[in-house]
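Given next are the chains, with one letter for each unit.
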Amino acid sequence: MIDELLKNELGDRKIFKDKTILSPHYVPSELPHRDKEIKGVTQIIGPALRNEKTSNLFIYGGPGTGKTCVVKYVIRKIQEFLNKPEMVDEGILVKVAYMNCKIRNSKYQVLLKTLEDDALNDEKLMDAPLKGRSEPSLKGMDPADLYDRLFRVVEKNNMNLIIALDEIDMVKKGLNDLMYILTRINDELGAGHVSVVGISNDRRVKNRLDPRSKSTLCEEEMIFPHYNAVQLRTILNQRVEEGFQPTAIDDSMIRKIAAFAAQDGDARYALKLLKKAGEIAQNENKNAVDMEDVEYARNLVEKDIMTESITLLPEHQQIVIYSIASLAVDGGMYKRLSGRGTGDLLTGEVYEAYEANCKALNRNPRTMRQFSEYLNELEMSGLIAMRLSGKGIRGTTRLIRLGYPPNEIKRIVSKSLGLGSD
Ligand SMILES: Nc1ncnc2c1ncn2[C@@H]1O[C@H](COP(=O)(O)OP(=O)(O)OP(=O)(O)O)[C@@H](O)[C@H]1O
Ligand SMILES: [Mg+2]
């Protein structure tokens, strides 16, 4: 069997020409339909090349709208520019530190990662944070020390430092403080500047900031729109040209994938479908991707997305979604009261089931208020939908409906919370 698998991997490459082109981390040399956004980001951070303090920028847009790749693209272009000494005046120093806050999720971690970034540890720099240490490590230093080191390297080198914080909503501890520090540093610096590019697909991150930090981060703001089906086709075609064999996938498949992904305007989803459809065709030793492969890819990708979004939820939200799924299996009270099998559940019955499940798991149930917040979060992640009931069914209440098959959700949560076979 393994021979067969390896042959598929290495074999005649009937489907893919270069699969790395389809990797989520690959940034193509052109980003179709993002000219305006590329120009916008460049105009906001570009003045650093003239030694001017650039405005802070907050970039918001739904998942897969190209925020990360546009910012990385502009950073790459700035770096290419800086590598040509004839283009930039002598003495001008621009450095960009990019990080994803999913991993660096506290003020401390962000400061630490900034100091550890290669951008600040170039051997030509004075007072580079890691310079001259036999065991380069800043871990364990207190935040005030980290701040001093950042201050020194920026000031001593008259540096324009741009810190790009991708998925900034993931900074759970000290986001306000972080913004405050990064503004205060500019007031105190005798030379050099620090500015921030914050990126998020969650608009609510702004509400977590106090007014002062909010206006700091959102000095400039850009919104990335969703892609439509036509735009997604261009994006897909670009990858097909570079990554697929010439006749391995035809236009009708690309149209179909673009149409599926256009429902959310999400290029990541479109590219996942494209790659998965190619893999399915490859595993079946076909010469080209057909419609069945695309449909099957869609099922698999949907399942992956659902599994990922559930297993990443905090424990109590997993218990809530499990409670919803358990009730949904038998239809719940709304069905009994209204006689309509709409799949809607009453908030009260879900809370009761949640309390019971918490007890069974030896967890303390949270208050009704916190529980309502969990429901809002689950709605934001697209796992449930809510609407208000009309009068008559227990007064007006919120009705909850599951976005995915209940048995599937129960299976995933059971596994994630270690609930045995149920
Ligand atoms: N205009 C484009 N041209 C080519 N590829 C694109 C374009 N926009 C997005 N992509 C690709 O789609 C995928 C998703 O894009 P990206 O990671 O930039 O989305 P995002 O807006 O950062 O999403 P999220 O909010 O989930 O982080 C990436 O593989 C990226 O290369
Ligand atoms: Mg991103």
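A quick note: this is a predicted structure, and the numbers were derived from the prediction, not measured. (Residues numbered from 1 in each chain as written. Chains lettered and ligands numbered in written order. Predicted model: local features only at pLDDT ≥ 70, side-chain atom pairs only at ≥ 80, totals over all residues.)

Engineer: Could you give an account of the overall build of the protein chain, naming the residues involved and the relevant values?
Structural biologist: Secondary structure assignment for the protein chain yields 16 helices and eight strands. In terms of its C-alpha atoms, the protein chain occupies a principal-axis envelope of roughly 75 × 55 × 40 Å. Split into buried and exposed, the 422 residues of the protein chain put 36% on the buried side. (Helix = DSSP H or I, 4+ residues; strand = E, 2+ residues; numbered from the N terminus. Buried ≥ 20, exposed ≤ 12 C-beta atoms within 10 Å, placed from the backbone.)

Engineer: Let's hear about the pairing of strand β4 (residues 193-200): which residues, and what values?
Structural biologist: A large share of β4 lies buried, amounting to eight of its eight residues. Burial of β4 is two-sided: the residues His-193, Ser-195, Val-197 and Ile-199 facing one way and the residues Val-194, Val-196, Gly-198 and Ser-200 facing the other way are all buried. Pairing analysis gives four bridges linking strand β1 (residues 57-61) to β4, with the strands arranged parallel. When the bridges of β4 are listed, Leu-57 appears paired with Val-197. (Pairing = 2+ DSSP bridges.)

Engineer: Please set out the nonpolar core residue by residue, giving values where relevant.
Structural biologist: With 51 residues, the main nonpolar core has Val-71, Leu-165 and Val-197 as its most contacted residues. The element that contributes the greatest number of residues to this core is helix α3 (residues 67-82), accounting for seven residues. Ranked by size, the runner-up nonpolar core spans 28 residues in total, among them Leu-22, Ile-254, Ala-270 and Ile-280. (Core = buried A, V, L, I, M, F, W, Y, C linked by C-beta atoms within 7 Å.)

Engineer: Account for unusual backbone geometry, naming residues and giving values.
Structural biologist: Non-glycine residue Asp-127 carries a positive phi angle of around 55°. Residue Asp-127 is classed as partly exposed on the basis of its C-beta count, with 15 C-beta atoms lying within 10 Å.

Engineer: Which residues make up the domain arrangement of the protein chain, and what values go with them?
Structural biologist: Taken domain by domain, the protein chain holds domain 1 (2-16 + 227-310), domain 2 (35-224) and domain 3 (313-417). On the side of domain 3, ten residues touch domain 1, which itself brings four residues to the contact. A breakdown of the residues in the side of domain 1 that touches domain 3 according to their chemical character gives two nonpolar, two polar and no charged. (Domains from an automatic or database assignment. Contact = placed C-beta atoms within 7 Å. Nonpolar A, V, L, I, M, F, W, Y, C, P; charged D, E, K, R; others polar.)

Engineer: Give me the site of ligand 1: which residues, what numbers.
Structural biologist: In the region of ligand 1, 20 residues are neighbours, and Gly-66, Lys-67, Thr-68, Asn-201 and Ala-267 sit closest. Every element with two or more residues in the shell around ligand 1 is listed here: α3 and α10 (267-283). (Near = placed C-beta within 6 Å.)

Engineer: Quick rundown of helix α14 (residues 347-360)? Include the residues and the values.
Structural biologist: Within an α-helix, residues lying three or four positions from one another point in the same direction, as the helix has 3.6 residues per turn. Its 14 residues place the ends of α14 20 Å apart at the C-alpha level, agreeing with the 20 Å of an ideal helix rising 1.5 Å per residue. Those residues of α14 that fall on the buried side of the exposure criterion are Val-350, Ala-353, Tyr-354 and Asn-357. What you see down the axis of α14 is that its buried residues fit within an arc of 105°, all on one side. Against the buried residues of α14 lie α12 (315-330), β6 (345-346), α15 (368-380) and β8 (398-402). In the segment just after α14, Asn-362 is the residue with positive phi, at about 60°. (Expected span 1.5 Å × (residues − 1). Arc of directions from axis to C-beta.)

Engineer: So, the environment of Met-141: which residues are in play, and what are the values?
Structural biologist: As for its placement among the helices and strands, Met-141 is situated in the loop between α4 (107-116) and α5 (143-156). For Met-141, a count of 17 C-beta atoms within 10 Å puts it in the partly exposed group. The spatial distance from the C-alpha of Met-141 to the C-alpha of Tyr-73 is 33 Å, given a sequence separation of 68 residues.

Engineer: Describe the sheet that holds β1, naming the residues involved and giving the relevant values.
Structural biologist: Pairing within the open sheet is parallel, and its five strands lie in the order β2-β3-β4-β1-β5. Each end of this open sheet is capped by a strand with a single partner; those strands are β2 (93-100) and β5 (220-224). With strand direction ignored, the average angle separating the axes of adjacent strands in the sheet is 15°. Inspection of the sheet shows β1 paired to β5 by five bridges, in the parallel sense. Along β5, the bridge assignment pairs Gly-61 with Phe-224. In the packing of helix α2 (residues 35-45) onto the sheet, the strands contacted are β1, β3 (159-166), β4 and β5, and the crossing angle to β5 comes to about 165°. Packed onto the sheet, α3 meets β1, β2, β3, β4 and β5 and runs at close to 155° relative to β2. (Axes fitted to C-alpha atoms, helices over the stretch in contact; angles between N-to-C directions.)

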